[in-house]
Amino acid sequence: MEQLDKIDTKILRILQKDAKKTTKEIATMLNLTISPVYERIRRLESMGFIKQYVAILDKKLINRQVTTICQVSMRYHNEAFIEKFEQEIQNLDEVQECYHMAGQVDFLLKINVASLDEYHDFVKYKLSKIDNIGVLNSTFVLKEIKHTSEFYI
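In this text, all values refer to a predicted model and were calculated from it rather than measured experimentally.

**Q** When you look at a nonpolar patch on the surface in this model, what are you seeing that I'm missing?
**A** On the surface, a cluster of nonpolar side chains totalling about 350 Å² of accessible area is made up of Leu-57, Leu-61 and Ile-62. Note that Leu-57 resides in the loop between α3 (34–46) and β1 (66–74). Residue classification places Leu-57 among the exposed residues on the basis of a relative accessible area of 58%.

Here it is as structure tokens:
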């Protein structure tokens, strides 16, 4: 994999903070001309350093203020069951993040819904329908202390 130089790193830092910055604004911030900055951004995109540009929404304003961390333990741990779970979890819109874990639980899910009633229905009518789930353990976020999508680079 190609190494990032200092300018590439600065560009990535700027875009992580504000993906709406124009090439011209970034060039000005870095005291460079537009063309090389444009080429660097395109190269970073094509190499996969920049996966996508997104808008981060306010979960309260979109009525998804209840955040749940759900630990999932599987009954059986063979490849077919794990792959089936991974495929089925992709279809659950309420699941914002899913991680296959090492340790006491098999999967960690981050779920955002409008209310505890909605979470109850999600577990009862959707999540529990996935075969091979042995144990679900849900914890609820009381207060979000830090939330960032930025990587320290």
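**Q** Where do I start with the packing of aromatic side chains in this structure?
**A** A ring pair, where both rings are aromatic, is described by two values, the distance of the centres and the angle of the planes. Using the criterion set out here, one finds 4 aromatic pairs in the structure. Judged by centre distance (6.2 Å) and plane angle (35 degrees), the rings of Tyr-119 and Phe-122 are tilted. Of this pair, Tyr-119 and Phe-122 are both found in helix α5 (residues 116–125), 3 residues apart, which corresponds to roughly one turn of the helix. For Tyr-119, a relative accessible area of 5% puts it in the buried group. For Phe-122, a relative accessible area of 3% gives the class buried. Centre to centre, the rings of Tyr-119 and Phe-140 are 5.4 Å apart; their planes meet at 85 degrees, and the pair counts as edge-to-face. A residue pair is termed long-range when its members are at least 10 positions apart, and Tyr-119 in helix α5 and Phe-140 in strand β4 (residues 133–140) qualify at 21 residues. For Phe-140, a relative accessible area of 40% corresponds to the partly exposed category. Cluster of aromatic residues (ring-pair linked, three or more members): Tyr-119, Phe-122 and Phe-140.

**Q** Quick question: what am I supposed to make of unusual backbone geometry here?
**A** Leaving glycine out, the prevailing phi sign among residues is negative, and the prevailing peptide bond configuration is trans. Within the chain, Asn-31 stands out as a residue other than glycine whose phi angle is a positive 60 degrees. For Asn-31, a relative accessible area of 71% puts it in the exposed group. Within the chain, Asn-63 stands out as a residue other than glycine whose phi angle is a positive 60 degrees. On the secondary structure map, Asn-63 appears in the loop between α3 and β1. The exposure class of Asn-63 is partly exposed, given its relative accessible area of 38%.

**Q** Quick question: what am I supposed to make of the nonpolar core here?
**A** General note: in soluble globular proteins, nonpolar side chains tend to be found buried as a group. Core analysis: the largest hydrophobic core is formed by 19 residues, its most contacted members being Val-72, Phe-85, Ile-89, Leu-109, Ile-111, Phe-122 and Leu-127. Only β1, α4 (79–89), β3 (107–113) and α5 provide two or more residues apiece to this core. Those residues in contact with Phe-122, other than ones at most four positions away along the chain, are Leu-92, Glu-94, Val-95, Ile-111 and Leu-127. Core analysis: the next-biggest nonpolar cluster, separate from the first, contains 11 residues, Ile-11, Val-37, Ile-41 and Leu-44 among them.

Criteria and thresholds
- Residues numbered from 1 in each chain as written.
- Predicted model: local features only at pLDDT ≥ 70, side-chain atom pairs only at ≥ 80, totals over all residues.
- Heavy atoms only, no water.
- Patch = residues over 30% accessible without salt bridge, like charges linked within 9 Å, V, L, I, M, F, W, Y side chains within 5 Å.
- Areas by Shrake-Rupley, 256 points an atom, 1.4 Å probe, with all protein chains shown as cover.
- Salt bridge = Lys/Arg side-chain N within 4 Å of Asp/Glu carboxyl O.
- Helix = DSSP H or I, 4+ residues; strand = E, 2+ residues; numbered from the N terminus.
- Buried < 20%, exposed > 50% of the residue type's maximum accessible area, 1.4 Å probe, protein only.
- Phe/Tyr/Trp six-rings, centres within 6.5 Å; stacked < 30°, edge-to-face > 60°.
- Core = buried A, V, L, I, M, F, W, Y, C linked by side-chain atoms within 4.5 Å.
- Contact = heavy atoms within 4.5 Å.

The values reported here are purely geometric and, on their own, carry no functional implication.
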